[in-house]
Amino acid sequence: MKRCLSLTMLLAATTLGCARTGQNVIEDAAEAMGGAAAISAATTLVMEGTGTTYRLGQNHAPDADLPIYELHTYRKEVDLENQRWRIEQVRTGHFGTSRPVNQQPLVQAIDRDVAFDVPADGDPRRLNAQIGRDRHADLYHHPLAALKAALQGDPEATVGPVIEEEGHEVVEVTLADGLHLTLSVDAVTGLLSRIESTTHQPFFGDVVIATSFSDWEQSGELLLPQTISQTLDKYRNGDFSVSSQVNTEIQDLSAPAEVASAQAPVQQPVEVTSEELAPGVWVLGAGYNSVLIEFPSYTAVVEAARNDQTALAVIEKAREMVPDKPLQYVINTHFHSDHAGGIRAAVAEGLTVITHEIHRAFFEELVMRPRTLGPDHLTNNPKPLQIETVSGDGPYELTDGDRTIVIHRLKEDLHAAGMLMVHLPKERILVEADVFTPRPGAASPFATNFLAQVRALGLRVNRIVPVHGRVVPFSALQRVVRTIARGS
Ligand SMILES: [Zn+2]
Ligand SMILES: [Zn+2]
């Protein structure tokens, strides 16, 4: 059968009944980029420029843009033959934090499935297996690497049929290592303009990583994209403006022996400590602080943070501490990934979530999201979300017999729009997240507003329980705010 070689022949070929195969699409995309021979002969790729990366799960409100890192410099060296890359960048974070990121050098690398970072002043550090899989997949989120792999003719690398989409021909490719890629070829330019793959993200579950390519420029025999934009589901994940060179000399990108021979880190069992703050009130420490509150007929915890393992350990500890009452509620301070990462576990354990109303839709989606690539406790124990919300500026009272706690919205908080704090009026304890973390060094930029709002509400507070950090007297907050005022 006569092969259908070019997109310009597509219409005629279809009319003549000659079906285009996925392989035709790959070959044509290679041709448009400079030819299969030049692609196959490419052994290294260097991209250099600037860009923007994003802090997933840390936006001001669920629908707000993600906070950004500006990349002052960005250089990615790729060893296409040995499946290795290394990114060296210098970045500045444009968001409020008590740990400002200013002109921070960052080195990230992958050698086949061995992912590691190289700290500016320390030893290379091996990262977990999931990061290894993601960085390995990222190698193929470039037209040169994807087409080179798809053209290799490895019998295990299979190319699916052509799917016609508006303005694109789409083919599914399975590489020899099992990685699935969805390649979209622009019908007008004939260039591979988009590459997608699916992965497991710890907070969001199954996600699609999609990388788009545009502004092509000639580099030797090849046309290469100067603009590279990546999304993770609906979120922006990275935007890069680069110039590229092929087959130039690169450094040795192999993982150092001590990294390659180290075990990839795995989740360790979580130990939960407990400390009584007042009768019926405990701080539970699990790398962050939860607060367990005993009511006459049930118990509640503030925060199910981090991830499944941590939240489940905290829930287990809470039930062990007060075995004769049901653990009924989890109060969530805000929707950020480090604070809501255990919400799915809490839902699976039958807890009712109390959070601000602006988080409702986000949590409804979070508990429904598929997790085929990383099933969790909720996947295995499906339960519907039970949720109660704090409206407007609150307050919201949880009361039973002689125990009352009051949940206030922290107004005008620049860290998170729906930020909640939990006040125990009788015990004069205030639980807060992220607006005041007692630690040496730079003060939280949110502490001043936090103190002002606590005063405006007339809350009586002797002790602050930060979700991150140690329990401190209220005077510690006042001292920090005075220091900030003196410094400005
Ligand atoms: Zn936060
Ligand atoms: Zn936090």
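Quantities reported herein were computed from a predicted structural model and do not represent experimental measurements.

1. Observations concerning the coordination of the zinc ion (ligand 1)
Ideal geometry at a metal centre: 109.5 degrees between donors when four sit tetrahedrally, and 90 or 180 degrees when six sit octahedrally. Surrounding the zinc ion (ligand 1) are the protein donor atoms His334 (NE2), His336 (ND1), His415 (NE2) and Asp434 (OD), at 2.1 to 2.2 Å. When the donor residues of the zinc ion (ligand 1) are listed from N- to C-terminus, their spacing reads H-x1-H-x78-H-x18-D. If you look at the zinc ion (ligand 1) and the zinc ion (ligand 2), they sit 3.9 Å from each other and are both ligated by Asp434. Taken together, the residues His336 in the loop between strand 18 (327–331) and helix 8 (337–340) and Asp434 in the loop between strand 24 (429–432) and helix 12 (447–456) connect sequence positions 98 residues apart.

2. Re the packing of helix 2 (residues 22–33) against helix 5 (residues 143–151)
Here helix 2 crosses helix 5 at 135°, and the two axes come no closer than 10 Å. Looking at the two axes, helix 2 sits oblique to helix 5. Helix 5 is crossed by helix 2, and the crossing has left-handed handedness. Contacts from Gln23, Ile26, Glu27, Ala29, Ala30 and Met33 of helix 2 reach helix 5 at Pro143, Leu144, Leu147, Ala150 and Leu151. In the contact of helix 2 with helix 5, the residues fall into nine nonpolar, one polar and one charged.

3. Topic: the domain arrangement of the chain
Each assigned domain of the chain is listed here: domain 1 (7–260) and domain 2 (273–487). Look at where the C-alpha atoms of domain 1 and domain 2 centre, and you get two points 38 Å apart. The partner domain 2 presents 28 residues to the 25 residues of domain 1 that form the contact. Note on domain 1 versus domain 2: buried area summed over both sides is about 2000 Å², and carbon and sulfur give 53% of it. Taken as a group, His60, Phe203 and Asp206 account for 34% of the area that domain 1 buries against domain 2, more than any other trio of residues on that side. Where domain 1 meets domain 2, there are one salt bridge. Across the salt bridge formed by Asp233 and Arg369, the nearest N and O atoms sit 2.4 Å from each other. Joining domain 1 to domain 2, the criterion identifies 16 residue pairs in polar contact (both at pLDDT 80 or more). Elements supplying a minimum of two residues to the side of domain 1 that touches domain 2: strand 10 (192–201) and strand 11 (205–219). A total of four residues in the side of domain 1 that touches domain 2 trace back to one element, the largest contributor, which is strand 10.

4. Here's the deal with the packing of helix 12 against helix 13 (residues 474–487)
Contact geometry of helix 12 with helix 13 gives a least axis separation of 9 Å together with a crossing angle of 125°. Between helix 12 and helix 13, the crossing angle belongs to the class labelled oblique. In this structure, the crossing between helix 12 and helix 13 has a hand that is left-handed. Contacts between helix 12 and helix 13 pair Ala447, Thr448, Phe450, Leu451, Val454 and Arg455 from the former with Phe474, Leu477, Gln478, Val480, Val481 and Ile484 from the latter. Within the contact of helix 12 with helix 13, the residues separate by chemical class into nine nonpolar, two polar and one charged.

5. Examining the nonpolar core
Counting residues in hydrophobic clusters, the biggest one holds 87 residues, and the most contacted among them are Phe363, Leu398, Phe450 and Leu477. Not counting the four nearest positions on each side in its chain, Phe450 is found in contact with Leu410, Met421, Leu430, Glu432, Val435, Phe436, Ile464 and Leu477.

6. Focus: the sheet that holds strand 16 (residues 289–294)
If you trace the seven strands from one edge of the open sheet to the other, you get 14-15-16-17-18-19-20, paired in mixed fashion. Edge positions in the open sheet fall to strand 14 (273–278) and strand 20 (387–390), since each of these has one partner strand only. Taking the axes of each pair of neighbouring strands and ignoring which way they run, one obtains an average angle of 25° across the sheet. Summarising the sheet, strand 16 and strand 17 (residues 299–302) pair through four bridges and their orientation is antiparallel. Pairing of Ile293 across the sheet is with Ala300, part of strand 17.

7. Remarks on the coordination of the zinc ion (ligand 2)
Coordination sphere of the zinc ion (ligand 2), protein contribution only: Asp338 (OD), His339 (NE2), Asp434 (OD), Asp434 (OD) and His468 (NE2), at 2.1 to 2.6 Å. The motif formed by the donor residues of the zinc ion (ligand 2), counted along the single chain, is D-H-x94-D-x33-H. Look at His339 and you get buried, because its relative accessible area is 0%.

8. Notes on the pattern of salt bridges
Enumeration over the complete set of coordinates arrives at 22 salt bridges. Measuring nitrogen to oxygen at the nearest pair gives 2.8 Å for the salt bridge that ties Arg86 to Glu88. According to the relative accessible area criterion, Glu88 is partly exposed, its value standing at 29%. Taken together, the shared-partner salt bridges connect Arg20, Asp28 and Glu169 into one network.

9. Quick notes on the sheet that holds strand 22 (residues 403–409)
Strand order in this open sheet of six strands is 21-22-23-24-25-26, and the pairing throughout is mixed. Either end of the sheet is taken by a strand with one partner, and the two such strands are strand 21 (396–400) and strand 26 (472–473). With five bridges joining them, strand 21 and strand 22 adopt antiparallel strand pairing. Along strand 22, the bridge assignment pairs Thr399 with Thr404.

The rules behind each value
Residues numbered from 1 in each chain as written. Chains lettered and ligands numbered in written order. Predicted model: local features only at pLDDT ≥ 70, side-chain atom pairs only at ≥ 80, totals over all residues. Heavy atoms only, no water. Donors = N, O, S within 2.8 Å, 3.2 Å for Na, K, Ca; no water. Helix = DSSP H or I, 4+ residues; strand = E, 2+ residues; numbered from the N terminus. Axes fitted to C-alpha atoms, helices over the stretch in contact; angles between N-to-C directions. Parallel < 35°, antiparallel > 145°, perpendicular 65-115°, else oblique. Left-handed = near helix turned anticlockwise from the far one by under 90°. Contact = heavy atoms within 4.5 Å. Nonpolar A, V, L, I, M, F, W, Y, C, P; charged D, E, K, R; others polar. Domains from an automatic or database assignment. Buried area = accessible area lost by both parts, 1.4 Å probe. Salt bridge = Lys/Arg side-chain N within 4 Å of Asp/Glu carboxyl O. Polar contact = N/O pair within 3.5 Å; in protein donor to acceptor, adjacent residues only side chain to side chain. Core = buried A, V, L, I, M, F, W, Y, C linked by side-chain atoms within 4.5 Å. Buried < 20%, exposed > 50% of the residue type's maximum accessible area, 1.4 Å probe, protein only. Pairing = 2+ DSSP bridges.

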